[in-house]
Amino acid sequence: MEQRINRRAVFADIHQDVREDGQPHVFSVGYCRRDGTLGQKARVTKSRNRQAGERGYRGNVSLNHVLLLYNLETGTHFEIAIDRLLYYNGRRINHQA
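Described below are features of the structure shown in this document. (Residues numbered from 1 in each chain as written. Predicted model: local features only at pLDDT ≥ 70, side-chain atom pairs only at ≥ 80, totals over all residues. Heavy atoms only, no water.)

### Observations regarding the packing of aromatic side chains
Reasoning step 1: Scanning all chains against the criterion turns up one aromatic pair.
Reasoning step 2: An angle of 45 degrees between the planes, with centres 5.3 Å apart, marks the rings of Phe 27 and Tyr 88 as tilted. Of the two residues, Phe 27 is situated in strand β2 (residues 27-32) and Tyr 88 in strand β6 (residues 85-88); the sequence distance between them amounts to 61 residues.
Reasoning step 3: Under the relative-accessibility criterion, Tyr 88 is labelled buried at 3%.
Reasoning step 4: If you follow Lys 41 out to its NZ or CZ, it ends over the ring of Phe 78, 5.0 Å from the centre.
Reasoning step 5: Its end group placed over the ring of Tyr 87, Arg 92 keeps NZ or CZ at 5.5 Å from the ring centre. (Phe/Tyr/Trp six-rings, centres within 6.5 Å; stacked < 30°, edge-to-face > 60°. Helix = DSSP H or I, 4+ residues; strand = E, 2+ residues; numbered from the N terminus. Buried < 20%, exposed > 50% of the residue type's maximum accessible area, 1.4 Å probe, protein only. Lys NZ or Arg CZ within 6 Å of the ring centre and 35° of its normal.)

### Quick word on the pairing of β2
Reasoning step 1: Counting buried positions along β2 gives five out of six residues, so the element sits mostly inside the fold.
Reasoning step 2: Relative to strand β3 (residues 38-46), β2 runs antiparallel, the two sharing five bridges. For Tyr 31, the partnering residue across the bridge sits in β3 and is Gly 39.
Reasoning step 3: Between β2 and β3, which pair antiparallel in sequence order, lie five residues; one of them, Gly 36, sits at a positive phi of approximately 95 degrees.
Reasoning step 4: Pairing geometry for β2 and β6, over three bridges, is antiparallel. Counted as the bridge partner of Tyr 31 is Leu 85 from β6. (Pairing = 2+ DSSP bridges.)

### Comments concerning the nonpolar core
Reasoning step 1: Ranked by internal contacts, the top residues of the largest apolar core, which has 16 residues, are Ile 14, Phe 27, Val 29, Leu 67, Ile 80, Leu 85 and Tyr 88.
Reasoning step 2: Mapped by element, the contributors of at least two residues to this core are α1 (7-14), β2, β4 (66-71), β5 (76-81) and β6. (Core = buried A, V, L, I, M, F, W, Y, C linked by side-chain atoms within 4.5 Å.)

### Concerning α1
Reasoning step 1: Of all the residues in α1, the buried ones are Val 10, Phe 11, Asp 13 and Ile 14. Buried residues of α1 fall within an arc of 160 degrees about the axis and therefore sit on the same side.
Reasoning step 2: With a side-chain oxygen lying 3.1 Å from the backbone nitrogen of Arg 8, the N-terminal cap of α1 falls on Asn 6. (Arc of directions from axis to C-beta. Polar contact = N/O pair within 3.5 Å; in protein donor to acceptor, adjacent residues only side chain to side chain.)

### Regarding the environment of Glu 2
Reasoning step 1: By the element assignment, Glu 2 lies in the segment before β1 (4-6).
Reasoning step 2: Glu 2 sits in the partly exposed class, given a relative accessible area of 38%.
Reasoning step 3: In this structure, the C-alpha to C-alpha distance between Glu 2 and Arg 91, residues 89 residues apart in sequence, is 7.3 Å.
Reasoning step 4: In contact with Glu 2, not counting residues within four places along its chain, are Tyr 87 and Arg 92. (Contact = heavy atoms within 4.5 Å.)

### Some words on the side chain of Thr 45
Reasoning step 1: As for its placement among the helices and strands, Thr 45 is situated in strand β3.
Reasoning step 2: For Thr 45, a relative accessible area of 7% gives the class buried.
Reasoning step 3: Apart from the residues within four sequence positions on either side, Thr 45 is in contact with His 25, Val 26, Phe 27, Leu 69, Tyr 70 and Leu 72.

Structure follows, in structure tokens:
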């Protein structure tokens, strides 16, 4: 059976910038692209440099509906719509819980 994680637990974990050992929090995400194909990023962190919008990124993801992330493999920032996230560290995200 596929392991699941609820949406709230995912965001609580993502917002931890640094792990207990002092290392940056690195994780993987799987998502559905706008064209319906599946995408995956194996090594990402929460973006700390890029700020979206004129007034900057507001920390409340439930208002923005977008996560700002940084791809360590390509060195680029990117956005993922929260509702398009499917997997977090290999676990299926339950958006209903």
